[in-house]
Each structure stands twice: as structure tokens, then as C-alpha cells.
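Each chain, written out:
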Amino acid sequence: MKKLIALTTFFCVIGFTLNVTAQETSNISELNKQDYIERHPIYDYNAQTISAVDSIADFRAKKKPLILTGIIYQKDGVTPAKDVILYIEQADENGDFDLRNHNDKRYTHHRGWVKTDANGRYTFYTFVPGNDRRYNQLSQLFPTIKEPSKPAYNLESFLFDEDPLLTRLCRKKIAKKGDPTRILKPVEKDNLLLVEKNIVLSNNTVVSN
């Protein structure tokens, strides 16, 4: 808890001055158009602007702005993993995915990319997504990992402890078969929600290039 609160002052100073720089797609004039359209969006980052900190579109205007930060570790769970790309996408506050088109490719508007620093740390300025009760849709962040010189793979979605749709039965299943740390428990500090989510690299389901 103290560690999270200590991070707040530093991140608040830089966070609200950030632009959504990573959400610029690569120059597709040098790419095969069909490959660009079909590949996973984690590969659509701008190599010149990606850094350890990124902002999800419109996060400043949301009712529940969230700082998601943490350290990505190598498989030993101890050694920080640098230059790892973490991509997340999410629904809006109403639980709907704001889908848009760019260069004939459809993408989720609320998304972002970070690349871990030398200490393995990353930070997203985002917001707590809503859930769609019509479809029993949980509030979720959908992460994908890309290690250097390796194909990308999906992680289990990050959930939120206060989500009313996250039932006791669902929690038991996660505790038994999944990763209980995927349930995020943000704390409030200076009108922001703050949560630390560390990640240990592993062999997961590979996504398409």
C-alpha cells in the first residue's frame, strides 16, 4: 500500500501531461496492406514514440480514472524484464467497445501500448471500464504481451474486485484454476484510482503476427 501511494505523486506529475503518442499506427506504406489488416493490433505501435508510460484515449474525462502500473518479470519471477511490450484494450464506461477504422482496419479506440524500462516497470493512465449487464459482461482490461524476438501472446483479462458481476462462484473458479492476482483492487488517492499489477512472463497462447 505504501509503495502504491508513493508512486502516485510521481505519476500524477507526468501523467496528465502525456499525449496518447503510442496510438499512432506504423507507416503502412512499407507494409503489405493485407498483413497490416489481419495482424494483431499489438504490432501497430509507433516504434519512435512507445515508452514505459502511455495514456488510454479520453481517460481524463472518465468518472473513474485509473493508474495501472507494475513490473514485468522474467519467468523466474525475480529478474525485471526490460523492453517487453504490453498492449491493453478495453470497453468504455458503458461496457461498449468503441470500434473505429483506420486504413481499412477496425480497432478498439480505448487501447494503448507500453514498453517496459530497464527496471521492468510500465504504467498506463486509463479508466475503469463499465460492464454490460445485457450480456453479463464483466469489467475487463484485455492484455497482450510481446517479448523481444518472440511472438505475442494473450494474458488472462484483468478484472476488478468491486465489479458487481464478479460473483462468488466466479471468484472461486479463478482462485482454483486461474491467477487470483488478475482481480485488481485499486485504492483511491487524490481523486485517482491506483493499482499495481506485476506480471511474470510465461508460455501462453500465441496470437497471430
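Owing to the predicted nature of the structure, the values given are computational and were not obtained by experimental measurement.

Calculation notes
Residues numbered from 1 in each chain as written. Predicted model: local features only at pLDDT ≥ 70, side-chain atom pairs only at ≥ 80, totals over all residues. Heavy atoms only, no water. pLDDT = per-residue confidence, 0-100. Helix = DSSP H or I, 4+ residues; strand = E, 2+ residues; numbered from the N terminus. Contact = heavy atoms within 4.5 Å. Salt bridge = Lys/Arg side-chain N within 4 Å of Asp/Glu carboxyl O. Buried < 20%, exposed > 50% of the residue type's maximum accessible area, 1.4 Å probe, protein only. 1 Å grid on protein atoms, 1.4 Å probe; cavity = no way out; pocket = protein on both sides within 12 Å on 5 of 7 lines; lining within 4 Å. Points joined across faces, edges and corners; volume = space filled by probe spheres on them. Nonpolar A, V, L, I, M, F, W, Y, C, P; charged D, E, K, R; others polar. Pairing = 2+ DSSP bridges.

## Some thoughts on the confidence of the model for the protein chain
Across the protein chain, the average pLDDT comes to 84, with 82% of residues at or above 70. The secondary-structure element of the protein chain with the lowest mean pLDDT is helix H1 (residues 2-15), recorded at 44, while strand S7 (residues 121-127) shows the highest, at 98. Note that residues 1-26 has pLDDT below 50 and, in this model, 67 contacts with residues that lie over four places away or in other chains.

## Concerning the pattern of salt bridges
The tally for this structure, following the rule as stated, stands at 8 salt bridges. Between aspartate 98 and arginine 100 there is a salt bridge whose closest N-O contact spans 3.0 Å. For arginine 171, the salt bridge identified is with aspartate 161, shortest N-O distance 2.7 Å. Here the residue arginine 171 occupies a position in helix H3 (residues 168-177), and aspartate 161 occupies one in the loop between strand S10 (159-160) and H3, the gap between them amounting to 10 residues. Arginine 171 sits in the partly exposed class, given a relative accessible area of 27%. Of the residues examined, aspartate 161 reaches a relative accessible area of 27% and is grouped as partly exposed. Residues participating in the shared-partner salt-bridge network are Arg39, Asp44 and Lys105.

## Digging into empty space enclosed by the protein
This structure, assessed with the given rule, holds 1 cavity of 30 Å³ or more. Each pocket or cavity is described by its volume, and for the largest cavity that value is around 30 Å³. As for the largest cavity, its lining consists of Ala91, Phe97, Pro129, Gly130, Gln137, Leu138, Ser139, Gln140 and Phe142. For the lining of the largest cavity, the residue count by class is 5 nonpolar, 4 polar and no charged.

## Considering the layout of surface pockets
Here the largest pocket defines a volume of roughly 330 Å³. Lys64, Val128, Pro129, Phe160 and Glu162 are the residues nearest the centre of the largest pocket, which is lined by 18 residues in total. Here the residues of the lining of the largest pocket sort into 8 nonpolar, 3 polar and 7 charged. In this structure, the second largest pocket occupies an estimated 210 Å³ of space. If you trace the second largest pocket, you find 12 residues lining it, with Leu155, Asp179, Lys197, Ile199 and Val200 closest to the centre.

## A few points about the sheet that holds strand S6 (residues 111-115)
Strand order in this open sheet of 4 strands is S6-S3-S8-S9, and the pairing throughout is antiparallel. Edge positions in the sheet fall to S6 and strand S9 (153-154), since each has one partner strand and no second. One ladder, built from 2 bridges, connects strand S8 (residues 141-146) with S9; its direction is antiparallel. Bridge assignment links isoleucine 145 to a residue of S9, and that residue is tyrosine 153.

## Digging into unusual backbone geometry
Positive phi outside glycine occurs at serine 149, with the angle close to 65 degrees. Tracing the backbone through its elements, the reader meets serine 149 in the loop between S8 and S9. Given the relative accessible area of 79%, serine 149 is considered exposed. The phi angle at aspartate 190 is positive, at roughly 55 degrees, despite the residue not being glycine. Here aspartate 190 lies in the loop between strand S12 (187-189) and strand S13 (192-196). A relative accessible area of 55% places aspartate 190 in the exposed class.

## Digging into the pairing of strand S3 (residues 85-90)
Of all 6 residues in S3, 5 are buried, a share of seventy percent or more. Here 5 bridges tie S3 to S6, and the two strands are oriented antiparallel to one another. Residue pairing in the sheet places glutamate 89 in a bridge with arginine 111 of S6.

## Some points on the environment of leucine 66
As for its position among the elements, leucine 66 is in strand S2 (residues 65-73). Once the C-alpha coordinates of leucine 66 and valine 128 are considered, the two residues, 62 residues apart in sequence, prove to be 6.4 Å apart. If we ignore the near neighbours within four places in the chain, the residues touching leucine 66 are Phe124, Tyr125, Thr126, Phe127, Val128, Phe160, Pro186, Leu193, Leu194 and Val195.

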